[in-house]
Every structure is written in structure tokens, then in C-alpha cells.
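Residue-level structure breakdown
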Amino acid sequence: NILEARDSLPISKLKSNILQLLVENDVIVVCGETGCGKTTQVPQFILDDMIQSGLGGYCNIVCTQPRRLAAISVAERVSDERCEPSPGSDGSLVGYQVRLDVARNEKTKLLFCTTGILLRKLAVNKDLAGITHVIVDEVHERSLLA
């Protein structure tokens, strides 16, 4: 049922196109209607593609959310869709990090976090070494300061 639901989302028809654009470009912008699957599916497309290409061990995706609750709930949703343990649990590839709350482990490959967490990462690691992909979700909710 989960796979059928994921496949029925409008974004699923664009999976190969999105992945090809990522090969060809350093930055892409994905626009779509609310509920089309941008937030939950695009990070999984990237993660699954890296795993399938044998690069899963190097994969380190950071996906920002504008609010703490969104980061936590999206991580939980994606973890459920992948039939994995709760975010941050042993063996889960999905985690989250928000101010004063971290659910990640050494196996985390897809981290949902607030913009502030990404900004702190940038402060100590200016070129984001070790991070393969940065997804800035809900970019229309950003200000010049964050």
C-alpha cells in the first residue's frame, strides 16, 4: 500500500527527470502543488539512487524544514514510508535534528533539520564537506536572514 501511494503522487512521474537534472546541474528548483510529494519523495529519490548506484555509504542528504515540528513529522513520515525504525533508531537511514532534540545515528543518510541547524553546520564547515546534497524545502517561507 505504501509503495502504491508513493507511486500515485504526481512527483513520482518526474523521478528520472529530477535525478538526471541533478547529474547535469549543481542546483535545481522543484516546484509543484501542495501534496504532490516534493517534500517526502525527492529526498528518497536521491537516497535510493545513491544506494542503487553503490554510493549509499557516501550519501549524506540534509533537508531543511522551516519549523521544528515539520522537520520531525517529515522525518517520521519518510521513515514510515521506507518501513524503517523510528528516525534515529538503530538501523534507520532517516533522522532529524532540531534545536534541543536530535534523532540520528551513525547510519543516518537523510537528515531533516531546521534552517538554523544548517546555518550552524555552515558556520563550522563552510564548504559542507561530507554532505552530498542540501535540499532547502519550503524556500518561499525563507527570509534574507535565514
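Above this text you will find the structure in question.
Because the structure is a prediction, the values reported are computed rather than measured. (Residues numbered from 1 in each chain as written. Predicted model: local features only at pLDDT ≥ 70, side-chain atom pairs only at ≥ 80, totals over all residues. Heavy atoms only, no water.)

What to know about the overall build of the chain
Summing up its helical and strand segments, the chain has 5 helices and 5 strands in all. Put simply, the chain runs from its N terminus to its C terminus through helices and strands in the order α-α-α-β-α-β-β-β-α-β. For 146 residues, the compact-globule estimate of 2.2 N^0.38 gives 15 Å, and the C-alpha radius of gyration of the chain, at 14 Å, lies within 12% of that figure. Overall, the chain is about 40 × 35 × 30 Å in size when its C-alpha atoms are taken along their principal axes. At a minimum sequence separation of 6, the contacts of the chain that also span at least 24 residues come to 58%. With an accessible surface of roughly 8600 Å², the chain has 55% of that area assigned to carbon and sulfur atoms. (Helix = DSSP H or I, 4+ residues; strand = E, 2+ residues; numbered from the N terminus. Rg over C-alpha atoms; globule rule 2.2 N^0.38 Å. Contact = heavy atoms within 4.5 Å. Areas by Shrake-Rupley, 256 points an atom, 1.4 Å probe, with all protein chains shown as cover.)

Observations regarding helix 3 (residues 38-52)
For helix 3, spanning 15 residues, the distance from its first C-alpha to its last is 21 Å, which sits close to the expected 21 Å at 1.5 Å a residue. Within helix 3, 11 of the 15 residues are buried, which leaves the element mostly enclosed by the surrounding structure. Burial in helix 3 covers these residues: T39, T40, Q41, V42, P43, Q44, F45, I46, L47, D48 and M50. Against the buried residues of helix 3 lie helix 1 (2-8), helix 2 (15-24), strand 1 (61-65), helix 4 (68-81), strand 4 (110-114) and strand 5 (133-136). (Expected span 1.5 Å × (residues − 1). Buried < 20%, exposed > 50% of the residue type's maximum accessible area, 1.4 Å probe, protein only.)

Some remarks on the environment of V62
Mapping V62 onto the fold places it in strand 1. Sequence-distant contacts of V62, that is, excluding residues within four places in its chain, are made with L111, C113, L118, I131, H133, V134 and I135.

Notes on the pairing of strand 4
Here is the key point about a regular strand: its side chains alternate between the two faces of the sheet. Burial within strand 4 is extensive, with 5 of its 5 residues counted as buried. Alternating residues of strand 4 divide into L110, F112 and T114 and L111 and C113, and every residue in both groups is buried. Pairing analysis gives 5 bridges linking strand 1 to strand 4, with the strands arranged parallel. For Q65, the partnering residue across the bridge sits in strand 4 and is T114. For strand 2 (residues 94-98) and strand 4, the ladder comprises 4 bridges, and the chain directions are parallel. Bridging from a neighbouring strand, G95 pairs with L111 of strand 4. (Pairing = 2+ DSSP bridges.)

Description of the nonpolar core
Within the largest apolar cluster, 24 residues are counted, with the highest numbers of intra-cluster contacts made by I61, L110 and F112. When contributions to this core are tallied by element, the ones reaching two or more residues are helix 2, helix 3, strand 1, helix 4, strand 2 and strand 4. With residues up to four places along the chain from it excluded, the contact list for L110 reads P43, L47, I61, V78, L93, V94 and G95. Grouped together as the second largest cluster of nonpolar side chains are 6 residues, C113, I117, L118 and L128 included. (Core = buried A, V, L, I, M, F, W, Y, C linked by side-chain atoms within 4.5 Å.)

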